[in-house]
Amino acid sequence: YVNYKYQKVNKGQKLFDLYSPELLTEQQNFIYMVINDVENPSIINASRQKLMLYGMTESQINFLVATKKSNPVISIFSPASGIIDGTGTMDNTTNPAMQSASNNTATLDVKEGSYIKKGEVIFKLLNTDKVWGIFNVIQGYNSLIKANQSIRITSELDKNELIDAKINFVETQLNPADKTNRIRVYLNNNKLKLPVGLRLQGIVKTNPVKGIWIQKESMVSIGNKKIVFLKMDNGFKASSIKTGIEIDDFIQIIEGISVKDTIAKNAQYLIDSESFIKTE
């Protein structure tokens, strides 16, 4: 039987036994028609279809035809393979990786003798043949990440086992908490090598970005201006620059300085009441 959250279930596996007076009545009606209304196959087939919609299998219905005897308790089997994600009343989170260990193995709240209402969800089943790998991209790198780029993935289970895949989707929403945005990679998981909630690490090789790069501490922002201090013969001069993308502690310079220029390593040290008012 199924007892715990995230328990693996195979297609055709027995889930529970069900006693239903309504289903018992439908069985009796079906047997009556099989015995007394043989010349009306359309009605018999309609009744057979109704039993299947109630959850009975083809073999169970054939057993009714052979024995002409209804069964008050019917076994319900899983229609597909997957992982139990809880019951209709259990709370679920969209981020299984953040759940506690006790949550991941929580006992299901359906017990022997529980009353089930018509239309109620008994078990939620996850198909884990295909899963998402979710990766956080640090701010600054997000402009370099595109769909269909190659990504090499390792897991905390075995860092030496490499998975080569493609980026399938780049989310446009930035997470305000850690200033990252996420990418999704769709992975084949029919052998259940990647348990739900497993921590993954991905490496993406991006195209090189040409340009002049300086450390962020060499630049200072003043209102809508960004400046650096150029070394001159008689000291330093504030010069306005235009910047591009930021990666780690470095920032791309698009306009304002050349590779021949020498700038102050730490721009904050040169700021005073006069030095940064006028820029060229």
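Residues numbered from 1 in each chain as written. Predicted model: local features only at pLDDT ≥ 70, side-chain atom pairs only at ≥ 80, totals over all residues. Heavy atoms only, no water.

Here we come to helix 1 (residues 21-36). Taking 1.5 Å per residue as the helical rise, helix 1 with its 16 residues ought to reach 22 Å, and the 22 Å between its terminal C-alpha atoms agrees with that figure. Buried within helix 1 are the following residues: Leu-23, Leu-24, Glu-26, Gln-27, Phe-30, Ile-31, Met-33 and Val-34. Residues of helix 1 that are buried in the fold lie against helix 2 (41-53), helix 3 (58-67) and strand 3 (73-77). (Helix = DSSP H or I, 4+ residues; strand = E, 2+ residues; numbered from the N terminus. Expected span 1.5 Å × (residues − 1). Buried < 20%, exposed > 50% of the residue type's maximum accessible area, 1.4 Å probe, protein only. Contact = heavy atoms within 4.5 Å.)

Looking at where Gln-173 falls in the secondary structure, it is placed in strand 9 (residues 169-175). Accessibility expressed as a relative area gives 63% for Gln-173, which makes it exposed. In this structure Gln-173 touches Thr-180 and Asn-181, once residues within four positions along its chain are discounted.

Moving on: the pattern of salt bridges. A side chain with one charge may pair with a side chain of the opposite charge, provided their charged atoms come close. Using the criterion set out here, one finds seven salt bridges in the structure. Of the charged contacts, one joins Lys-118 and Glu-22 as a salt bridge, the two residues approaching to 3.4 Å between their closest N and O atoms. You can see Lys-118 sitting in the loop between helix 4 (101-104) and strand 5 (123-126) and its partner Glu-22 sitting in helix 1, a full 96 residues away along the chain. Taking relative accessible area as the criterion, Lys-118 reaches 71% and is therefore assigned exposed. For Asp-164, the salt bridge goes to Arg-152, with nearest N and O atoms at 2.8 Å. In this pair, Asp-164 is assigned in strand 8 (residues 163-166) and Arg-152 in strand 7 (residues 150-155), connecting sequence segments 12 residues apart. Taking the relative accessible area as the measure of exposure, Asp-164 reaches 55% and is therefore exposed. (Salt bridge = Lys/Arg side-chain N within 4 Å of Asp/Glu carboxyl O.)

Glycine aside, a negative phi is what most residues show, and trans is what most peptide bonds show. One non-glycine residue, Lys-68, lies in positive phi territory at about 55 degrees. Among the secondary structure elements, Lys-68 is positioned in the loop between helix 3 and strand 3. Since its relative accessible area comes to 39%, Lys-68 is described here as partly exposed. Despite not being glycine, Asn-148 has its phi angle at roughly 75 degrees, a positive value. Structurally, the position occupied by Asn-148 is in the loop between strand 6 (130-138) and strand 7.

This next bit is on helix 3. Of all the residues in helix 3, the buried ones are Gln-60, Ile-61 and Leu-64. An end-on view of helix 3 places all buried positions within 100 degrees of arc, on one side of the element. In this structure, helix 3 carries Ser-59, Phe-63 and Ala-66 as exposed residues pointing more than 90 degrees from its buried face. Tucked into the core, helix 3 has its buried residues touching helix 1, helix 2 and strand 3. After helix 3 finishes, the residue Lys-68 shows a positive phi value of roughly 55 degrees. (Arc of directions from axis to C-beta.)

Turning next to the side chain of Ser-20. Mapped onto the elements, Ser-20 comes out in the loop between strand 2 (14-19) and helix 1. Under the relative-accessibility criterion, Ser-20 is labelled buried at 15%. Within the local environment of Ser-20, its side chain forms a polar contact with the backbone nitrogen of Leu-23, the two atoms lying 3.1 Å apart. (Polar contact = N/O pair within 3.5 Å; in protein donor to acceptor, adjacent residues only side chain to side chain.)

Right, let's get into the layout of surface pockets. Put simply, the second largest pocket is a space of about 1100 Å³. Forming the walls of the second largest pocket are 31 residues, and the residues nearest its centre are Phe-16, Asp-17, Leu-18, Tyr-19 and Ile-116. (1 Å grid on protein atoms, 1.4 Å probe; cavity = no way out; pocket = protein on both sides within 12 Å on 5 of 7 lines; lining within 4 Å. Points joined across faces, edges and corners; volume = space filled by probe spheres on them.)

Quick look at the confidence of the model for the protein now. Looking at the protein as a whole, the pLDDT averages 81, with 88% of positions reaching at least 70. Averaged over each element, pLDDT in the protein is lowest for helix 4 (44) and highest for helix 3 (93). Here residues 273-277 is a poorly scored stretch, pLDDT under 50, and it has seven contacts once near neighbours within four places are set aside; other chains count. (pLDDT = per-residue confidence, 0-100.)

Sheet strands line up and pair through hydrogen bonds in the backbone, either parallel or antiparallel. Strand order across the open sheet formed by five strands is 12-16-15-14-13, with antiparallel pairing between neighbours. Looking at strand neighbours, the two that pair on one side only are strand 12 (212-215) and strand 13 (220-222), the edges of this open sheet. Pairwise comparison of adjacent strand axes, ignoring direction, gives a mean angle of 55 degrees for this sheet. Judged from the four bridges that link them, strand 12 and strand 16 (residues 250-255) form a sheet pairing that is antiparallel. (Pairing = 2+ DSSP bridges. Axes fitted to C-alpha atoms, helices over the stretch in contact; angles between N-to-C directions.)

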